[in-house]
Amino acid sequence: MKRRRALRIVTALLFMLAAGAASASELLVVCQSGAELRGVETQHFTTTRQLKLPKAPAALALSPDRASAFITHPDAGLLTRVDLARSALITSAAIGGQPFGIVADPDGRTLYVGDWSADRVRRLDAASLAETGSVAVGRSPAGLALDPARRELYSADREAGAVSIIDLETFTRVATVPVGEGPYSFDTSGDRRTLRVVNVRSGDLAEIDKDSHAVTRLAVGKMPYGAASLSRTGEVLVANQQSGTLSLVAAGASRPIRTLRVGGSPEGVAVDPSHPRAYVADWFSDQVLVVDLDALQVAARIGVCKGPRSLTLLP
Amino acid sequence: MTLPLSRRLAICGAIACALASSPALAHGPTPQKAEAEVVIAAPPEAVWKLVADFGAIAGWHPDVKSAQATGNGPGAERVLVLEKGEITDGLDEIDPAGHRMAYRLSKENVEAFPVSFYTATITVDDAGGGKSKVEWAARLYRGDTGNFPPDELNDEAATSAMTVFFEDGLKGLKAKAEGQPVDGKAPVGQ
C-alpha cells in the first residue's frame, strides 16, 4: 500500500516535470495507423511522450490509480499495458480474438474487454491479464462503460442495435436495451442516472434511463463516433465523423442546439474539467482539435500521430 | 442470419469455402484512408453540377459502366455497375453552397470492389482563375474484416482499389468538365 502511494507521488512529480506546470494536464492520444501513444500537455500543447505501440492500437483505458494505460489491438488480438510513469511498454498479451472496447474496474483488479468478432465481453485480471470469465453480448460489441455505484457494465453492441447491461457481481447479462442503429461509444463521464450512447448508423444520441431503461433519442449528424458531456452545463458534445461536424446538444432538447463544422473525420472526444474546452481526435487530418466550448470554435489544431481515434485526459 | 466472413472462414476452415461465400456485412474496427485530388480548368459551379448529379457518375467515371440513382438528395441511393459486379451507395449529405457531398457504401460486394464499408466525401473548391480543385476522400474497411484476410481482401487491396477508383474518376471528371473525351469515349453529341 505504502509502495503504491510512493509510486503515485513519483508519477505525479514526473508528470509535473514533463508538463512544466502544475495546472496543465496531459492528453493521451492513441493513433491507430501510426501505432503510437502520444502525450500532449494542455497548456502549451507540446509533446510529452511518443511511445511506439504494436500494430493498430484502438481503445485505451486508464487504471484507477492512473499508473497504467491498457490499450486494445483488434487486428492483432493483443492487449498492451503501458507504465505511464516510465512511459514504457510493459507487456503485450496475446488474448486473441478482436479486442476492441476496454474499461477498467475502479476496484483496480479487473479489466473488461469486448471481443468484436466473438460477440463476448471478457473479464481479465488486471495484473496478469489472464481471462477470469466471459459473457455473451449482442453482435459486434464496440464501446464499453462501467457504473461503479450500480456495479453495472454496459456494452454498445453495434450490429445488434442494442446496449447489453451486465451485472458485475454475477457477471451475467441482465438486460438488452434496443437503442437505435449502430450503437458505438458511450459518454463515459459517468452520469448517475443517464447512460448516453451514440448510434453511428441512425445518426443520433440515445439516452437510457438506468432505472427504467427508457430510451430517448436526439438526432445529431452523420456517423457520430464520440460523445462527452460537459459537467458545467449538462450539455453533450458529439463528434459526427461523416458530417465532419460537432454537435453541442442540450439535455432534454429535441435537436442539436449548435453545430460546428470542423472538417475531416472527428471521432474521440474528451472534455477538460478545468477549462471550458474539449479535445477531439480528427482521424483524417492526424490532428487533435482544441475546441473552445464557450465560443464553440476550434481554438487550435495540434498535429499528432497518424490516425488518432481515441483520447483521454490524464489529470 | 449472415455470419461475418471471418466466422465463416473459421466454420469452413478452407479457403475454397471462403471464396464461395457471400461478403461480410459487418465492418471491423480498423479504418484505412484513401484520397485523391485534381485541378480542373473549369469553374467550380460547372464541376459541382457534374458531381452533384448523384446518378450521373457513369457519364464521367470510366470505371462505372452504368449507374442508376433514386434521387439527388439525402437518403437517395445509386447502384453502380462496375466491371465485376454491382455496389450501392447511399447519399448522406449534400451541401450546394459548400460544394460538398458525403455518401457511404450501403450495399457491399467484395467480389466487385474489395471494400466492406466506406464513407466518402467529394468537395469542389475554387482554385482561382476559373479553375477548380476537387478532393475525393474516403475512410474504408478491408473486404474481409477478420484478422486473417486473404491478399485480395486485405487493407492494401482495399486502399489500392479505392485510390484507383478516385484517381480514375477524377481523370474522367477533369476530361468531362474540360470537354475532352472520357477514357476514349467521345463527349455526347460529338
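Residues numbered from 1 in each chain as written. Chains lettered and ligands numbered in written order. Predicted model: local features only at pLDDT ≥ 70, side-chain atom pairs only at ≥ 80, totals over all residues. Heavy atoms only, no water.

(A) Here's a closer look at helix α3 (residues 44-52) of chain B. All names here are of chain B. Every buried residue of α3 is accounted for by Pro44, Val47, Trp48, Val51 and Ala52. The buried residues of α3 occupy one face: seen down the axis, they fall within an arc of 125 degrees. With respect to the buried face of α3, the exposed residues turned more than 90 degrees away are Glu45 and Lys49. If you follow the buried residues of α3, they end up packed against β1 (32-40), β4 (85-95), β5 (100-107), β6 (115-128), β7 (131-142) and α4 (155-177). (Buried < 20%, exposed > 50% of the residue type's maximum accessible area, 1.4 Å probe, protein only. Helix = DSSP H or I, 4+ residues; strand = E, 2+ residues; numbered from the N terminus. Arc of directions from axis to C-beta. Contact = heavy atoms within 4.5 Å.)

(B) Structural context of the environment of serine 25 of chain A. Mapped onto the elements, serine 25 of chain A comes out in the loop between α1 (2-19) and β1 (26-31). For serine 25 of chain A and valine 113 of chain A, which are 88 residues apart along the polypeptide, the C-alpha to C-alpha distance reads 27 Å.

(C) Main features of the interface of chain A and chain B. Listed per partner, the contact involves 31 residues of chain A and 33 residues of chain B. In total, chain A and chain B occlude about 2,400 Å² of area from one another, counting both sides; carbon and sulfur atoms represent 42% of this. The three residues of chain A that bury the most area against chain B are Arg139, Gln242 and Phe284 of chain A, which together make up 27% of that side's buried surface. Seen at the junction of chain A and chain B, the total is 3 salt bridges. Linking aspartate 286 of chain A and lysine 33 of chain B is a salt bridge whose minimum nitrogen-to-oxygen distance equals 3.5 Å. If you look at where chain A meets chain B, you find 16 residue pairs in polar contact (both at pLDDT 80 or more). Looking at side-chain class alone, the side of chain A that touches chain B contains 9 nonpolar, 11 polar and 11 charged residues. (Buried area = accessible area lost by both parts, 1.4 Å probe. Salt bridge = Lys/Arg side-chain N within 4 Å of Asp/Glu carboxyl O. Polar contact = N/O pair within 3.5 Å; in protein donor to acceptor, adjacent residues only side chain to side chain. Nonpolar A, V, L, I, M, F, W, Y, C, P; charged D, E, K, R; others polar.)

(D) Fine view of the side chain of glutamine 241 of chain A. Assignment of secondary structure puts glutamine 241 of chain A in the loop between β21 (236-240) and β22 (245-249). With sequence-adjacent residues up to four places away left out, glutamine 241 of chain A is seen in contact with Lys222, Met223, Pro224, Tyr225, Gly264, Ser265, Pro266 and Glu267 of chain A together with Thr119 and Arg139 of chain B.

(E) Representation of the confidence of the model for chain A. The share of residues in chain A with pLDDT of 70 or more is 91%, and the mean pLDDT across the chain is 91. For residues 9-22 of chain A, every residue scores under 50 in pLDDT, and the model assigns this stretch 11 contacts once sequence neighbours within four places are set aside. (pLDDT = per-residue confidence, 0-100.)

(F) Representation of the state of the cysteines within the structure. Residues and elements named next belong to chain A. A full pass over the atoms with the stated rule returns 1 disulfide over all chains. Disulfide pairing is shown between cysteine 31 and cysteine 305; the S-S distance is 2.2 Å. Taking the sign of the S-S torsion, about 75 degrees here, the bridge from cysteine 31 to cysteine 305 comes out right-handed. Taken as a pair, cysteine 31 in strand β1 and cysteine 305 in the loop between β27 (297-303) and β28 (308-314) lie far apart in primary sequence, 274 residues in all. Taking the relative accessible area as the measure of exposure, cysteine 305 reaches 5% and is therefore buried. (Disulfide = S-S within 2.5 Å.)

(G) Summary view of the packing of aromatic side chains. Per the counting criterion, the structure on display carries 13 aromatic pairs over all chains. Ring geometry for tryptophan 283 of chain A and phenylalanine 284 of chain A: centres 5.7 Å apart, planes at 75 degrees, overall edge-to-face. Between the aromatic rings of tryptophan 136 of chain B and phenylalanine 166 of chain B, the centroid separation amounts to 4.6 Å while the plane-to-plane angle is 15 degrees, which identifies the pairing as stacked. Taken together, the residues span a long stretch of sequence, with tryptophan 136 of chain B in strand β7 and phenylalanine 166 of chain B in helix α4 at a distance of 30 residues. Residue classification places phenylalanine 166 of chain B among the buried residues on the basis of a relative accessible area of 0%. Among the aromatic residues, ring-to-ring pairing joins Phe54, Trp60, Tyr103, Phe113, Tyr118, Trp136, Phe165 and Phe166 of chain B into one connected group. The side chain of arginine 123 of chain A reaches across the aromatic face of phenylalanine 171 of chain A, ending 4.8 Å from its centre. (Phe/Tyr/Trp six-rings, centres within 6.5 Å; stacked < 30°, edge-to-face > 60°. Lys NZ or Arg CZ within 6 Å of the ring centre and 35° of its normal.)

(H) Focus on the nonpolar core. Residue and element names in this part refer to chain B. Counting 39 residues, the largest nonpolar core has Tyr103, Phe113, Tyr118, Val134, Trp136, Met162 and Phe166 as its most contacted members. Breaking this core down by element, the ones donating at least two residues are β1, α3, β3 (77-82), β4, β5, β6, β7 and α4. If one sorts the elements of this core by residue count, α4 sits on top with 7 residues. (Core = buried A, V, L, I, M, F, W, Y, C linked by side-chain atoms within 4.5 Å.)

(I) Structural detail: the pattern of salt bridges. All names here are of chain A. Taken as a whole and judged by the stated rule, the model has 28 salt bridges over all chains. The salt bridge partner of aspartate 115 is arginine 122, with a shortest N-O separation of 3.0 Å. Here aspartate 115 and arginine 122 have matching classes, each one buried. For glutamate 159, the salt bridge is made with arginine 201, and the minimal N-O distance between the two is 3.4 Å.

(J) Highlighting unusual backbone geometry. All names here are of chain A. The backbone phi angle of arginine 66 is positive, close to 65 degrees, even though this residue is not glycine. With respect to the element layout, arginine 66 can be found in the loop between β4 (60-62) and β5 (68-73). The phi dihedral of aspartate 119 falls on the positive side, at around 55 degrees, and the residue is not glycine. Along the chain, aspartate 119 falls in the loop between β9 (110-115) and β10 (120-125). Exposure remark for aspartate 119: the relative accessible area of 10% places this residue in the buried category.

(K) Fine view of the domain arrangement of chain A. Residues and elements named next belong to chain A. Assigned domains within chain A: domain 1 (58-178) and domain 2 (195-315). On a C-alpha basis, the centres of domain 1 and domain 2 stand 22 Å from each other. Every contact between the two is made by 19 residues of domain 1 and, on the other side, 17 residues of domain 2. Approximately 1,300 Å² of surface area, both sides summed, lies buried where domain 1 meets domain 2, with 62% of it carried by carbon and sulfur atoms. Summed over the shared surface of domain 1 and domain 2, the number is 3 salt bridges. The partner of lysine 210 in a salt bridge is aspartate 147, and the shortest N-O contact between them spans 2.7 Å. Linking domain 1 to domain 2 there are 5 residue pairs in polar contact (both at pLDDT 80 or more). At the level of elements, β4, β12 (141-147), β13 (152-157), β14 (162-167) and β15 (172-178) are the ones that each hand at least two residues to the side of domain 1 that touches domain 2. It is β15 that contributes the most residues to the side of domain 1 that touches domain 2, 3 residues altogether. For the side of domain 1 that touches domain 2, a count of residues per class yields 14 nonpolar, no polar and 5 charged. (Domains from an automatic or database assignment.)

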